[in-house]
Amino acid sequence: MSASQFASASQVQAKRSRRNALRSYLGAYGFMAPAGVLVVIFFLIPVAIILYLSVTNLASSNFTSDLAKMEYIGLRNYETLLNDQFARKIFFNTIFYVLFTLSIFNVSLALIVSLLTTHIDRGAGFVFRALWILPRITSPVVYILIWKRMMAEAPFGILNQFNDWLGTPTYNYIATNPWVFVVVVNGFIGLSFGMIIFTSAIESIPKDLLNASLVDGSSKLQRIRYVILPLIRWPLLFVFTYQTLSLLTSFVEIQLLTDGGPGLYRTEVWSLTAYHRALSNYFGNAQWGYGSAFAVLLVLIGVVLAVIYMRVFRFDELVAEPRVETL
Amino acid sequence: MKVTIDNLTKKFGDVVGVEDLTLHIDDGEFVAFLGPSGCGKTTTLLTLAGIYKPTAGVISFGERIVNQVQPKDRNIGMVFQSYALYPHMTVFQNIAYPLKLKRVAKNIQHERVQQVANVMGIGNLLDRRPGQLSGGQQQRVALGRALVKEPDVLLFDEPLSNLDARLRLTMRGEIKHLQKDLGITSIYVTHDQVEAMTMADRIAVMMGGHLQAFDSPDELYSRPKTQFVAGFVGNPPMNFVSVDVSRSNGAFIAQADSLRLEIGQERGEAPAGYDGAVVMGIRPEDIQISGAGDIAGEIFIVEPLGREDLIDVRVGQHSFLLLASTETQYQTGEQVKLRFDMEKVQFFDPQTEKSILWQQ
Ligand SMILES: Nc1ncnc2c1ncn2[C@@H]1O[C@H](COP(=O)(O)OP(=O)(O)OP(=O)(O)O)[C@@H](O)[C@H]1O
Ligand SMILES: [Mg+2]
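Bear in mind the structure is a predicted one, so any value in this text is a computation, not a measurement.

Visitor: I tried to follow the overall build of chain A on my own but got confused; where do I start?
Guide: Counting its regular elements, chain A contains 15 helices and zero strands. A burial count over chain A gives 38% of its 327 residues as buried. Expressed as a percentage of contacts within chain A between residues at least 6 apart in sequence, the contacts between residues at least 24 apart total 69%. Of the accessible surface of chain A, which amounts to about 19600 Å², a share of 68% is contributed by carbon and sulfur atoms.

Visitor: Sorry, what's going on with the overall build of chain B here?
Guide: Looking only at helices and strands, one finds nine helices and 20 strands in chain B. Judged by the C-alpha coordinates and their principal axes, chain B covers about 80 × 45 × 35 Å. For chain B, buried positions account for 52% of its 360 residues. As displayed, chain B offers around 16200 Å² of accessible surface, 46% of which is attributable to carbon and sulfur atoms. For chain B, the separation between the mean place of its 36 positive charges and that of its 44 negative charges on side chains is 11 Å.

Visitor: When you look at helix 2 (residues 91–101) of chain B in this model, what are you seeing that I'm missing?
Guide: Counting buried positions over the 11 residues of helix 2 of chain B gives nine, a clear majority of the element. Every buried residue of helix 2 of chain B is accounted for by V91, F92, N94, I95, A96, Y97, P98, L99 and L101 of chain B. Elements that come into contact with the buried residues of helix 2 of chain B comprise helix 9 (207–215) and helix 10 (220–231) of chain A together with helix 3 (106–120) and helix 4 (135–147) of chain B. Trailing helix 2 of chain B by a residue or two, R103 of chain B shows a phi angle of about 60°, which is positive.

Visitor: It is not clear to me how the interface of chain B and chain A should be interpreted in this structure. Could you clarify?
Guide: How big an interface is tends to be stated in terms of accessible area lost as the parts join. The partner chain A presents 17 residues to the 23 residues of chain B that form the contact. With both sides pooled, the region where chain B packs onto chain A buries about 1700 Å², and carbon together with sulfur makes up 64% of that total. At the boundary of chain B and chain A, one finds one salt bridge. Measuring nitrogen to oxygen at the nearest pair gives 3.3 Å for the salt bridge that ties D216 of chain A to R145 of chain B. Run the count over chain B and chain A and you get eight residue pairs in polar contact (both at pLDDT 80 or more). Secondary-structure elements contributing two or more residues to the side of chain B that touches chain A are helix 1 (41–49), strand 6 (76–79) and helix 2 of chain B. Looking at the side of chain B that touches chain A element by element, the count peaks at four residues for helix 2 of chain B. The class makeup of the residues in the side of chain B that touches chain A is 15 nonpolar, three polar and five charged.

Visitor: Help me understand the packing of aromatic side chains in this model?
Guide: Pairs of aromatic rings are described using the distance from one ring centre to the other and the angle between the two planes. Residues and elements named next belong to chain A. Within this structure, the stated rule accounts for 28 aromatic pairs over all chains. Each ring, one from F193 and one from Y242, has its centre 5.0 Å from the other, and the planes form 15°; the classification is stacked. A residue pair is termed long-range when its members are at least 10 positions apart, and F193 in helix 8 (residues 178–203) and Y242 in helix 11 (residues 233–249) qualify at 49 residues. Measuring from centroid to centroid gives 5.6 Å for W234 and F238, while their planes differ by 10°, and the two rings are stacked. One end of the pair is W234 and the other is F238, both in helix 11 and four residues apart, which spans about a single turn. Residue F238 is classed as partly exposed on the basis of its relative accessible area of 25%. These aromatic residues form a ring-pair network of at least three members: F105, W132, Y143, W147, F181 and F188.

Visitor: Sorry if this is basic, but what is going on with the pattern of salt bridges here?
Guide: In a structure, side chains of opposite charge can pair up when their charged atoms sit close to one another. All names here are of chain B. Inspection of the entire model under this criterion finds 12 salt bridges over all chains. Two residues, R202 and E29, come together in a salt bridge whose shortest N-O distance is 2.5 Å. Taken together, the positions of R202 in strand 9 (residues 202–207) and E29 in the loop between strand 2 (15–25) and strand 3 (30–34) put the pair 173 residues apart, joining distant regions of the chain. In this structure, the salt-bridge partner of R223 is E219, at a minimum N-O distance of 3.2 Å. Overall, the relative accessible area of 33% leaves R223 in the partly exposed class. What you see here is one network of salt bridges that share partners, running through D26, E29 and R202.

Visitor: Could you clarify how one ought to interpret the sheet that holds strand 12 (residues 251–256) of chain B in this entry?
Guide: The pairing of strands in a sheet happens through backbone hydrogen bonds and is either parallel or antiparallel. Residue and element names in this part refer to chain B. If you walk across this open sheet you meet the five strands as 13-12-11-14-20, and the pairing is antiparallel. Across the chains shown, the open sheet's two edge strands, defined by having one partner strand only, are strand 13 (259–263) and strand 20 (346–348). Between one strand axis and the next, the sheet turns through 40° on average, direction left out of account. Of the pairings in the sheet, the one linking strand 11 (residues 239–248) to strand 14 (residues 278–282) comprises five bridges and is antiparallel in character. Residue S242 lies in a different strand from strand 14, and its bridge partner there is V279.

Visitor: Sorry if this is basic, but what is going on with the site of ligand 1 here?
Guide: Residue and element names in this part refer to chain B. Of all residues adjacent to ligand 1, which total 14 residues, the nearest are S37, G38, K41, T42 and T43. Side-chain polar atom of T42 to an oxygen atom of ligand 1: 2.6 Å apart, as the coordinates give it. Residue assignment for the shell around ligand 1 shows that the elements contributing at least two residues are strand 2 and helix 1. When the residues that make up the shell around ligand 1 are grouped by side-chain class, the tally is five nonpolar, seven polar and two charged.

What counts as what
- Residues numbered from 1 in each chain as written.
- Chains lettered and ligands numbered in written order.
- Predicted model: local features only at pLDDT ≥ 70, side-chain atom pairs only at ≥ 80, totals over all residues.
- Heavy atoms only, no water.
- Helix = DSSP H or I, 4+ residues; strand = E, 2+ residues; numbered from the N terminus.
- Buried < 20%, exposed > 50% of the residue type's maximum accessible area, 1.4 Å probe, protein only.
- Contact = heavy atoms within 4.5 Å.
- Areas by Shrake-Rupley, 256 points an atom, 1.4 Å probe, with all protein chains shown as cover.
- Lys, Arg positive; Asp, Glu negative; His and termini not counted.
- Charge placed at Lys NZ, Arg CZ, Asp CG, Glu CD.
- Buried area = accessible area lost by both parts, 1.4 Å probe.
- Salt bridge = Lys/Arg side-chain N within 4 Å of Asp/Glu carboxyl O.
- Polar contact = N/O pair within 3.5 Å; in protein donor to acceptor, adjacent residues only side chain to side chain.
- Nonpolar A, V, L, I, M, F, W, Y, C, P; charged D, E, K, R; others polar.
- Phe/Tyr/Trp six-rings, centres within 6.5 Å; stacked < 30°, edge-to-face > 60°.
- Pairing = 2+ DSSP bridges.
- Axes fitted to C-alpha atoms, helices over the stretch in contact; angles between N-to-C directions.
- Near = heavy atom within 4 Å.

As structure tokens, then:
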């Protein structure tokens, strides 16, 4: 065989392997496509739209059918936002809300409930978990209504009825402790997500491993500390990350419960502000452009946090490389 | 440590795991639980470990009744079939875990782990994680973890069944050697009768949650008390044939159609007293092909096993498995003469399946 034949053979081979590589890439992209389409339609395009809106003065007061009248105003909305006397308070409200709901309910109590319900009789554990899921599957309006009716001021609220009978003073619970209720009401919903993930993670730990720990001399508590928790590290970090981001953007329950009040912005959070500014202003003027500026900053915070979490928790290391290489 | 199990029953709802089990295990003894899948071996072991609470019955370690004692307070070591190594810990941490739970000082932990690891031949693997070990190495780590706390009782649940045949042979020897060296009372669950026969001082044969026999390997082999035990212990399995045993002219004759065998007094007298048919059992190694034999048969199948041939011979409509040396090449369809060693036959009651020769 001559040298040129060699060369052409290896060229053919290179071409073929390039084609194979291409084909396997196409396969991979094909599988990612559905998720990709969803991300584009429901994330990238909306983000692009609000990015655009946030640099305009679009509002109901100057809205006409002639969109050409919409004015480009550069970063003026952002300027206004930074000078907004309440922006600071709302920002810290948001941190407070996310931090407390997340740490107390969405992670800690979720973990405690899953640990408890996996350490008792299976049937009973299932019933308890089913009860904890109720807040999540109840429509938010109905769920908040239940809380409000329970806590309402005398003579309407159930708790105040008891106060009445017992002769103790009546309270307007939600109005006096709005933050407690904002956190608890959201936490009761948020808990079930972590609970489901943690429970399934705990139940998928091989029985032999759990038995081995007891035989090796651990108590049930030591087994949780040394075996169970390390083995559910991934779900823990996942729930922590995921729930931070979803709490940042959630506002429906707060809107229904306190609508950011009582008083000026007492329990207003960032996402609720975006909604208030853009879609439901007290003064009847919906400032679509200004509200979008709030929304854009929220997206920015979310993306930055997501990247930080991925770095700090090293998610790429937690997900093991698949053993099966190219098929 | 002596282990006493009295009338132990463990049920899961209506499912019987093990029922009315009574076993007295001596200090330092190596006992095997042998039985087919689902017969309650693991259930018994986990009940001994304290993972399951007995439904009824009493378990004692030494003189102490342990029914209500937590697993951690039983001072047992256990080796699981799946090894059950903690995947997030290194080999060192895995072996040190029982010591850490006992709050043994750090430097002593190091010393003991290193010592055990050296005995197990894994001293150079202490920094690895279980995922980075071969099956055999994982097995040694599991064994090391069970041994490191110097347990009073060692429990093994089919520890070798995931290893290849060769490694199994090596580990079999090592475990037995180690057990004799350390003198730790051990209970070894297996469904592999060769493992049980070669390793155990005594074997508890179980079936369907019930104890069938508890005897030394030798006893089980030569004096099985039930037909199940006779058929389960020994490979290839014992041949069974339904015969009538009668006394004629001072001799005892077992007869099944054309098959007619003379039995000595020692083994013939008891079955002769029975009305109707009894089950006769004879092991493959107790039947020889020999020109001097008096039973005519025809070779049906020859299966070469390497060291010897397993041959299925038809006598009338009865079929017998037997072992023959590979020196003679037997052919299917060949007519041969058989000699039955009637000093070694067993007889069982066809209804109760109990031995007629060896009453409990
Ligand atoms: N946790 C459980 N819940 C309900 N039934 C069980 C449980 N564990 C075992 N059993 C049942 O108890 C019986 C004995 O099971 P066990 O695991 O002790 O069998 P085994 O002898 O160890 O079998 P193998 O050789 O297959 O491991 C089986 O019928 C099994 O289905
Ligand atoms: Mg088992």
